[in-house]
Amino acid sequence: MSKENGFLIILILLLALLPLSESRFYLFLGTDILIMGLFAVSLNLLLGYTGLVCFGQGAFFGVGAYTYTLLIKKISLSFPLAFIAAPVGGAIAALIIGFFCIQRTKIYFAMLTLAFSQIVWAIVFKWNSLTGGDNGIIGIPFPQHLDSPTRFYYFTLAVVVLSFYILRKTVSSPFGRILTTIRENPERTEFIGIHVKHFQLLAFVISGAFSAVAGALFAILNHSIFPDLLYWPQSAEVLIMTLLGGMYSFFGPLAGAAVILYLRMLVTSYTQYWPLIMGTILALILFFFPGGIVGFLKERRIFHGGGG
Amino acid sequence: MLTAQNLKKSFDGFVATNGVSFTIQKGELVSIIGPNGAGKTTLFNLITGHIPLDAGTVKFKRIDITRMASYRICRLGMGRSFQRTNIFPRLTVFQNIQAALLAHKGKSLTFFKPVDSFFREETEEILERVGLKEYAETTGGSLSYGFQKQIELGIALASEPELLLLDEPTAGMSAQETHQTIDLIGKITREKGLTLLFTEHDMEVVFSISQRIMVLHQGRLIAEGTPEEIRRNPEVQKVYLGEGR
Amino acid sequence: MTFPDPSFLFIQCLSGLTYAMFLFLIASGLSLIFGVLGVLNFAHGSFYMLGAYLTYQFASYFMNAPGQFWWAAIFGALSVGVIGGLIERLFLRRLYIREELNQLLFTYALVMLISDFAKIIWGTGQLSISRPPILKGAVKILDQYFPEYNIFIIILGPCIALLFWFIFHRTRWGRIIRAAALDREMVGSLGINVDRLFTIVFIIGSWLAGLGGALVAPIAAIVPGMDVEIIINVFIVVVIGGLGSFWGTLLGSLILGQVISFGILVLPRLSMVFIYILMAAVLILRPWGLLGKPLHR
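Residues numbered from 1 in each chain as written. Chains lettered and ligands numbered in written order. Predicted model: local features only at pLDDT ≥ 70, side-chain atom pairs only at ≥ 80, totals over all residues.

Enquirer: Just give me the short version of the overall build of chain C, but keep the residues and values in it.
Expert: When its secondary structure is counted, chain C shows 11 helices and 2 strands. Of the regular secondary structure in chain C, the N- to C-terminal order runs α-α-α-α-β-β-α-α-α-α-α-α-α. A compact globule built from 297 residues would reach a C-alpha radius of gyration of about 19 Å, and chain C, at 19 Å, matches this within 12%. Considering chain C as a whole, with its 297 residues, one finds that 48% of them fall into the buried category. For chain C, the proportion of contacts with a sequence separation of at least 24, taken over those separated by at least 6, is 78%. (Helix = DSSP H or I, 4+ residues; strand = E, 2+ residues; numbered from the N terminus. Rg over C-alpha atoms; globule rule 2.2 N^0.38 Å. Buried ≥ 20, exposed ≤ 12 C-beta atoms within 10 Å, placed from the backbone. Contact = placed C-beta atoms within 7 Å.)

Enquirer: Which residues make up the overall build of chain B, and what are the values?
Expert: From N to C terminus, chain B includes 9 helices and 10 strands. Along the longest, intermediate and shortest principal axes, the C-alpha atoms of chain B span 60 × 40 × 35 Å. A buried classification covers 43% of the 245 residues belonging to chain B. In chain B, the proportion of contacts linking residues at least 24 apart, taken out of those at least 6 apart, comes to 66%.

Enquirer: Tell me about the interface of chain C and chain A, and name the residues and values.
Expert: With 29 residues of chain C in contact, the opposing surface of chain A contributes 27 residues. At the level of elements, helix 4 (100-122), helix 9 (226-241) and helix 11 (268-285) of chain C are the ones that each hand at least two residues to the side of chain C that touches chain A. Among the residues making up the side of chain C that touches chain A, the classes are represented as 22 nonpolar, 2 polar and 5 charged. (Nonpolar A, V, L, I, M, F, W, Y, C, P; charged D, E, K, R; others polar.)

Enquirer: Lay out the arrangement of the chains in plain terms, naming residues and giving numbers.
Expert: Taken together, the 2 pairs of chains in contact show their highest number of contacts between chains A and B. No part of chain B reaches chain C; the closest C-alpha pair between them is 10 Å apart.

Enquirer: Please provide a residue-by-residue account of helix 11 (residues 232-245) of chain A, values included.
Expert: Residue and element names in this part refer to chain A. Here helix 11 contains 14 residues, and its C-alpha end-to-end distance of 20 Å stays within 8% of the 20 Å for a straight helix at 1.5 Å per residue. In terms of burial, helix 11 is largely enclosed, as 13 of its 14 residues are buried. Just beyond helix 11, the residue with positive phi is glycine 246, at close to 120°. (Expected span 1.5 Å × (residues − 1).)

Enquirer: Can you break down the interface of chain A and chain B residue by residue, with the values?
Expert: With 23 residues of chain A in contact, the opposing surface of chain B contributes 31 residues. Counting residues per element, the ones that place at least two in the side of chain A that touches chain B are helix 7 (149-171), helix 8 (174-184) and helix 9 (186-190) of chain A. Per-element accounting of the side of chain A that touches chain B gives the leading share, 8 residues, to helix 8 of chain A. Residue composition of the side of chain A that touches chain B, grouped by class: 6 nonpolar, 11 polar and 6 charged.

Enquirer: Help me get a handle on the packing of helix 9 of chain C against helix 11 of chain C, residues and values and all.
Expert: Residue and element names in this part refer to chain C. Contact geometry for helix 9 and helix 11: axes closest at 9 Å, N-to-C directions at 40°. Viewed along their axes, helix 9 and helix 11 adopt a mutual orientation that is oblique. Once helix 9 is placed against helix 11, the crossing between them reads as left-handed. Judged by residue contacts, Ile236, Val239 and Ile240 of helix 9 engage Ile275, Leu278, Met279, Val282 and Leu283 from helix 11. When the residues that make up the contact of helix 9 with helix 11 are grouped by side-chain class, the tally is 8 nonpolar, no polar and no charged. (Axes fitted to C-alpha atoms, helices over the stretch in contact; angles between N-to-C directions. Parallel < 35°, antiparallel > 145°, perpendicular 65-115°, else oblique. Left-handed = near helix turned anticlockwise from the far one by under 90°.)

Enquirer: Tell me what's going on with the sheet that holds strand 4 (residues 55-60) of chain B, and back it up with residues and numbers.
Expert: Residue and element names in this part refer to chain B. Ordered in space as 2-1-4-5, the 4 strands form an open sheet in which the pairing is antiparallel. In this open sheet, the two edge strands, each paired with only one partner strand, are strand 2 (14-24) and strand 5 (63-64). Inspection of the sheet shows strand 4 paired to strand 5 by 2 bridges, in the antiparallel sense. Looking at strand 5, one finds that phenylalanine 60 is bridged to isoleucine 63. (Pairing = 2+ DSSP bridges.)

Enquirer: Could you give an account of the environment of isoleucine 74 of chain C, naming the residues involved and the relevant values?
Expert: Residue and element names in this part refer to chain C. As for its placement among the helices and strands, isoleucine 74 is situated in helix 3 (residues 68-90). The class of isoleucine 74 is partly exposed, set by 15 C-beta atoms lying within 10 Å. Between the C-alpha atom of isoleucine 74 and that of threonine 55, which follows or precedes it by 19 residues, the distance is 8.0 Å.

Enquirer: Talk me through the pairing of strand 2 of chain B; I want residue IDs and the actual numbers.
Expert: Residues and elements named next belong to chain B. Across 8 bridges, strand 1 (residues 2-11) lies against strand 2 in antiparallel orientation. Across the sheet, residue alanine 4 finds its bridge partner in strand 2, namely phenylalanine 22. Two successive antiparallel strands, strand 1 and strand 2, enclose a turn made up of 2 residues, where aspartate 12 displays a positive phi of approximately 55°.

Enquirer: Before we move on, can you summarise the confidence of the model for chain B with the specific residues and values?
Expert: Averaged over chain B, the pLDDT score is 84; the fraction of residues at 70 or greater is 97%. When mean pLDDT is compared element by element in chain B, helix 3 (residues 93-104) of chain B scores highest at 90, while helix 9 (residues 234-239) of chain B scores lowest at 76. (pLDDT = per-residue confidence, 0-100.)

Enquirer: Give me the pairing of strand 1 (residues 138-141) of chain C: which residues, what numbers.
Expert: Residue and element names in this part refer to chain C. Here strand 1 runs beside strand 2 (residues 144-147); their pairing, made up of 4 bridges, is antiparallel. Note that in strand 2 the partner of isoleucine 141 across the bridge is glutamine 144. Connecting strand 1 to the next strand, strand 2, in antiparallel fashion are 2 residues, including leucine 142 with a positive phi near 55°.

Enquirer: Describe in detail the domain arrangement of chain B, supporting the description with residues and values.
Expert: It is common to give the size of an interface as the accessible area that goes away when the parts come together. All names here are of chain B. By the assigned domains, chain B splits into domain 1 (1-77 + 162-174 + 194-245) and domain 2 (85-160). Look at where the C-alpha atoms of domain 1 and domain 2 centre, and you get two points 27 Å apart. Each side of the interface is counted separately: domain 1 has 5 residues, and domain 2 has 5 residues. For the side of domain 1 that touches domain 2, the per-class residue count stands at 4 nonpolar, 1 polar and no charged. (Domains from an automatic or database assignment.)

Enquirer: Could you give an account of unusual backbone geometry, with specific residues and numbers?
Expert: Glycine aside, residues mostly have negative phi, and peptide bonds are mostly found in the trans state. A positive phi angle, near 55°, is found at histidine 223 of chain A, a position not held by glycine. Here histidine 223 of chain A is to be found in the loop between helix 10 (196-222) and strand 2 (224-225). Residue class for histidine 223 of chain A comes out partly exposed when judged on the 13 C-beta atoms lying within 10 Å of it. With a phi angle near 45°, glutamate 160 of chain B is a residue other than glycine that sits in the positive phi range. On the secondary structure map, glutamate 160 of chain B appears in the loop between helix 5 (145-158) and strand 7 (163-167).

Enquirer: Pulling in residues and values, what's your account of the sheet that holds strand 8 (residues 195-199) of chain B?
Expert: Residues and elements named next belong to chain B. Taken together, 6 strands build an open sheet; the order of strands is 6-7-8-3-9-10 and the sheet is mixed. Because the sheet does not close on itself, it has two edges, and the strands there are strand 6 (78-81) and strand 10 (220-225). Here the strands of the sheet are splayed against their neighbours by 15° on average, with no regard to which way each runs. Pairing of strand 3 (residues 29-33) with strand 9 (residues 212-217) involves 4 bridges; the strand directions are parallel. Following the sheet pairing, isoleucine 33 is matched in strand 9 by valine 215. Helix 1 (residues 40-47) contacts strand 3, strand 6, strand 7, strand 8 and strand 9 of the sheet and is inclined by roughly 145° relative to strand 7. Running over the sheet, helix 5 touches strand 6 and strand 7 and is turned about 170° from strand 6.

Enquirer: Go over the environment of arginine 184 of chain C, please, and point to the residues and values.
Expert: Residue and element names in this part refer to chain C. Within the secondary structure, arginine 184 is located in helix 7 (residues 184-189). Its 17 C-beta neighbours within 10 Å are what place arginine 184 among the partly exposed residues. Remark: the alpha-carbon pair of arginine 184 and tyrosine 96, spanning 88 residues in sequence, is separated by 12 Å.

Enquirer: Lay out helix 12 (residues 252-270) of chain A in plain terms, naming residues and giving numbers.
Expert: At 3.6 residues per turn, the α-helix brings residues three or four places apart onto the same side. All names here are of chain A. When the terminal C-alpha atoms of helix 12 are compared, their 27 Å separation across 19 residues agrees well with the 27 Å that a helix rising 1.5 Å per residue should span. Buried within helix 12 we find Gly252, Pro253, Leu254, Ala255, Gly256, Ala257, Ala258 and Ile260. Here the buried face of helix 12 lies against helix 2 (24-49), helix 11 and helix 14 (292-299).

Enquirer: Residue-level account of the packing of helix 12 of chain A against helix 14 of chain A, with values.
Expert: Residue and element names in this part refer to chain A. Interhelical geometry of helix 12 versus helix 14 gives an angle of 115° and a closest axis separation of 7 Å. Contacts between helix 12 and helix 14 involve Gly252, Ala255, Gly256 and Val259 from the first element and Gly292, Ile293 and Val294 from the second. Here the residues of the contact of helix 12 with helix 14 sort into 4 nonpolar, 3 polar and no charged.

Here you go:
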């Protein structure tokens, strides 16, 4: 078994042991990190692997959260169906939004993702009768057989591990390799016979679906959701997690999520000026650690490097 | 193999291509020459579908490719290298070539098999051909310009084209590198029976391997013929007064 | 629904115009910076907010001095220009050689930093300053009242537009800036110090945003969050008008000003969604906006 796979197995085992710490606090934090880690890794499929700078990933996260919640609360759909509906909703949203966004490139693409995520936010925000608008939706219960933080933690761990497995397979496949060529040079990729837009759209759909899964998990964990999940600073936060962890590695964004959430917990217990810290971290990454944590560690030869 | 008729293209009022027509037969080695700004790269871009034509038609293997998307033209059997090197910088040389093979062999939409196992032999064969075997695991972007051009050639070849369009393949190379590249191109073209259309500034190269030369000036073809005919053509001499090596 | 009173409509129109002028000031700064430096400055709303806060601060220094507000506004806007210049010179400049995403994200980091710095210095409460004495009153239009200060803003906007038009088209530096917006490298090879040019442009751009903030101080609540609130609307303006187009920015501001002003009345729930759909539509169909030129950026 390769060194990396061995390391991963150990990590999963350690994570599985977390509930033994008997701390509700760390259990919550652990679940949160797994969820945001999934969110960040799914964003990275677009950002790090395909080279698409998406400022509106929060839209898919929010769509997942609201789809699940509304199905559970408004029509009392069974948990398995409602949970599956989340990534389906995310995929559809990504299909529509992605289709329009990929018509343009670079800065215009980024602004389009921003515009669309704001459209989704505005719809959620204003459609009071459906979404509760600004008041959000509260009182989202744990699903029937997962009705304790520990059980939900294990469920989240299982879902996230499975999702990572699928995503990992995807990026290591020929499809994933083509995504990186699109990132490196879309023009050249076009002229090795690839319909670049199709691939970008596929990446969007996959990314959106998994972000939506993260959103649904988030809704259950917090027992409530609010429109600001979809407001653009939320999208910016996950972008920072991805960059902090390292956008050219697969697990980097997970590490980034862990660091950011842990730091946030520490900082907010002392001061309200968490944005200040986050801004500083972001600036430090940009100036001194462009490869993020994983990039930094790779340079120090703690990990073996591996191509794009 | 390739027929262009009355190609026209303007950018914001500036006429880059002004009614260019020509035919290229299978197996020919044709070069396009012309002073800077004559419109050579634009012409290539028009043929390969990178920029849309204002007027005119292009037929490749009797198929009308005038409005076809670049990726489909490529799949029909046209390969191309670009003037400013266009490779995948953060991927290794091996991965650069392999990617082109993945696309060409229709494996690009495979999701669940690890990519490293695909087409190892074929990739190594191409690397061998373009002389990059020892650099297989080096990152493309870290290599020198000359090597990157070889990677370019490798990528173009991986698509198993029937017609190869090379945009200034020896630009920026030393005399030795130029000779090596030209020998390589000549050898591959003969071995694979490729049709070759290339643009060049280096007159020595042009006159040594072209079977036919077309001269472009201000967006129009002003002369066409064998190297001897072109050398003696007074119009061409006028245009090139003082130019060339 | 009874047809609304024409004078009421006219006042709404004027309100829209007033808001448009503020949008124009900030947006033209953003557009200028984008046009020449290629950087989409997320922190432009923060500069606007700083302009307001600093004007408040200076106003409290110039307590009861004659022309208190005017001096405060001048110093406030200038300070923002200086701060912008320092940021560009010391930090942003180091990111030019990297990919554009880095610069964009740095400006976002600035948003977070400036926002919290403002909270640390001025607290989270709402601040305000009063309008200057000469413009304290209101004018009677038809049978409604409209503040004199707002009329001043409506007149000032086009004046500043004209001033900048003059600078861009009739002065040497203006022409250099326009040339740089079209082709940075070319300008550099003409012997012009591109680094210094970038800093100057960034100073002017941030000064414009600061001016917007300074002028809005007497009539709006100076409060954290005004940076985030305005920047999205500013983005919409530059998208509609055309990133990098000066007159486009004015046009975009006027359009958005009216849409917001009347949207709130006519279709409050849909107008917000509509604005973002408009932004997306322009980006998809005509990304260079109404008056911009198709650029290969």
